Amino acid sequence: MADTILLTGGAGYIGSHTYVELVAAGYDVVILDNFSNSRPEVIDRLEVISGAPVTVYTGDVLDPAVLERVFVERNIAAVIHFAALKAVGESAEKPIEYIQTNVSGLVNLLAAMKKHGVHRLVFSSSATVYGEPETLPIPEDAPRSYTNTYGFTKLVCEQTLEQVAASDPRWAFGTLRYFNPAGAHDTGLIGEDPNDIPNNLMPYIAKVATGELERLSVFGNDYETPDGTGVRDYIHVVDLARGHVQSVRALIESGESHTVNLGTGKGYSVLEMLKSYESACGHELAYSIAPRRAGDVAASFADPSKAHAILGFQAERDLDDMCRTSWNWVSRLKNT
Ligand code: NAD
Ligand code: UFG
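Quantities reported herein were computed from a predicted structural model and do not represent experimental measurements.

Within the structure, ligand 2 sits among 19 residues, and N200, S217, R232, R293 and D296 are positioned closest to it. Coverage of ligand 2 by the protein amounts to 88% of the 690 Å² it exposes when considered alone. With 4 residues, the top contributor of residues to the shell around ligand 2 is strand β8 (residues 216–219).

Quick look at the structure:
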């Protein structure tokens, strides 16, 4: 019988793509989401893509009653925990909400897992735990720090998992440090759909391409990078999703914890991203140079070799794929 995987935040950007890859790999999947940052229509789209009904619990990871119901009703083999608040700027204004959702949410989940004898969890961490990186590409044993409340919550969650893993050898955690997810599903049915003005580069460029926003502000062109603009490691969301399948499979099969970067190992500048998106959408995109954004680092890209060695993970999609699938998704979204 197929193992059942619980996805908290499974209706979100990365969770929905992971749902598709898990079903394709033969797993049974259950979603728990409170739809605070996703739309219920995502579930219909997942049914179209996967060709089968989707099992969803609408509820909050902060609510022990809904967690209890999921673990009683479903024979969960492992959990992938996406549910979190993720806006860096907002996290400074709402530290209590961020710490509550991100840290208490994880602790609630671990308590429910412990009660029901489920000891495998994949955790959505971030390259943000590297703070201002000292070495490029960034290896997993680089020092950890934080520069904002969101980063603080991810670091505390990682440390919480380390404490729990040390307490009982039955626990096994996959801590996945994502670099910069981008792109959308090939079908154009699911992708990133921020409610407000996007903070992140790719969804912002996408809205300039559709005409919803007038121009991109490039935050600084005086960094020590080849063209002076910030460099990041953009990874296609479908590659990222497949990394979760490999991680959860490794946890179930080996019972060993791992902490790995999920990136491509290649960095692209803001201006390179803009040019690549122009090729995908077929028209020029307006931009102007603005001051640096507080807290930004000049460059960040992964050393992806550990994920390859431990999980067999390798990103297969390139920047053209990210821009093409993003454009396909946002242009359909605008016309529906
Ligand atoms: P997202 O906001 O699209 O998805 C998160 C999902 O969790 C949403 O569907 C939301 O409704 C749900 N959710 C939020 N709070 C909840 C709660 N209390 N209970 C139940 N559901 C809740 O975000 P995403 O981009 O898919 O990110 C997923 C995870 O990956 C997050 O933990 C995020 O911090 C992490 N991450 C994201 C990025 C990125 O750039 N997108 C980078 C690094 C790490
Ligand atoms: N940028 C612009 N204009 C914009 C938005 C971004 O020039 O409107 C630039 C940024 O200055 C940066 C690059 O585009 O150089 C990428 O910015 P993003 O906000 O897309 O991504 P970051 O790497 O800065 O942030 C991401 C996640 C955070 C996480 C951080 C650290 O969004 O959640 O990585 O890993 F904390």
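So that's the structure; there's more coming.
Close contact between helix α5 (residues 95–115) and helix α6 (residues 149–167) brings their axes to 9 Å; oriented N to C, the two are set at 20°. Taken together, α5 and α6 sit at an angle that is classed as roughly parallel. The chirality of how α5 crosses α6 is right-handed. The segment α5 lies against α6, with P95, Y98, I99, N102, V103, L106, V107 and L110 engaging T149, Y150, F152, T153, V156, C157, T160, L161 and V164. In terms of residue class, the contact of α5 with α6 is built from 13 nonpolar, 4 polar and no charged.

The 3 strands are arranged β12-β9-β14 in an open sheet whose pairing can be described as mixed. The sheet is open, and its two borders are formed by β12 (268–269) and β14 (299–300), each paired with just one other strand. As paired strands, strand β9 (residues 231–232) and β14 are joined by 2 bridges and run parallel to one another. Paired with V231 across the strands is A299, a residue of β14.

Looking now at the site of ligand 1. Taken together, 26 residues surround ligand 1, and among them D33, N37, S38, K86 and Y150 come closest. Take N34: an N or O atom from its main chain is 3.2 Å from a nitrogen atom of ligand 1. Here an oxygen atom of ligand 1 sits 2.7 Å away from a polar atom, N or O, in the side chain of N37. In the complex, the protein chains occlude 94% of the 830 Å² of accessible area that ligand 1 would expose alone. Broken down by class, the residue content of the shell around ligand 1 amounts to 11 nonpolar, 11 polar and 4 charged.

What follows covers helix α11 (residues 319–334). With 16 residues, α11 should reach 22 Å at 1.5 Å per residue; the first-to-last C-alpha distance of 22 Å fits that figure. Every buried residue of α11 is listed here: L319, D321, M322, C323, T325, S326, W327, W329, V330 and S331. Contacts from the buried residues of α11 go to α2 (41–50), β7 (180–182), α7 (201–209), β10 (234–236), β12 and α9 (270–281).

Another point: the packing of helix α1 (residues 13–24) against α2. Where α1 contacts α2, the two axes come as close as 10 Å, and the packing angle between them is 25°. Viewed along their axes, α1 and α2 adopt a mutual orientation that is roughly parallel. Viewed along their axes, α1 and α2 form a crossing whose handedness is right-handed. Between α1, through S16, Y19, V20 and V23, and α2, the contact on the second element is made entirely by V42, L46, I49 and S50. For the contact of α1 with α2, the class distribution of residues is 6 nonpolar, 2 polar and no charged.

All told, the structure shown has 17 salt bridges when counted by the stated rule. Notably, a salt bridge pairs R69 with E73, separated by 3.9 Å at the nearest N-O pair. Taken together, the residues span about one helical turn, with R69 and E73 both in helix α3 (residues 64–73) at a distance of 4 residues. Take R69: its relative accessible area is 40%, and that puts it in the partly exposed class. Accessibility expressed as a relative area gives 45% for E73, which makes it partly exposed. Between R144 and E162 there is a salt bridge, with its nearest N and O atoms 2.9 Å apart.

Here we take up the environment of P137. In this structure, P137 sits in the loop between β5 (120–126) and α6. What makes P137 partly exposed here is its relative accessible area of 35%. Sequence spacing of P137 and V70 is 67 residues, and the spatial spacing of their C-alpha atoms is 40 Å. Residue contacts for P137: discarding those within four places in its chain leaves F301, A302 and D303.

Conventions we followed
- Residues numbered from 1 in each chain as written.
- Chains lettered and ligands numbered in written order.
- Predicted model: local features only at pLDDT ≥ 70, side-chain atom pairs only at ≥ 80, totals over all residues.
- Heavy atoms only, no water.
- Near = heavy atom within 4 Å.
- Areas by Shrake-Rupley, 256 points an atom, 1.4 Å probe, with all protein chains shown as cover.
- Helix = DSSP H or I, 4+ residues; strand = E, 2+ residues; numbered from the N terminus.
- Axes fitted to C-alpha atoms, helices over the stretch in contact; angles between N-to-C directions.
- Parallel < 35°, antiparallel > 145°, perpendicular 65-115°, else oblique.
- Left-handed = near helix turned anticlockwise from the far one by under 90°.
- Contact = heavy atoms within 4.5 Å.
- Nonpolar A, V, L, I, M, F, W, Y, C, P; charged D, E, K, R; others polar.
- Pairing = 2+ DSSP bridges.
- Polar contact = N/O pair within 3.5 Å; in protein donor to acceptor, adjacent residues only side chain to side chain.
- Expected span 1.5 Å × (residues − 1).
- Buried < 20%, exposed > 50% of the residue type's maximum accessible area, 1.4 Å probe, protein only.
- Salt bridge = Lys/Arg side-chain N within 4 Å of Asp/Glu carboxyl O.

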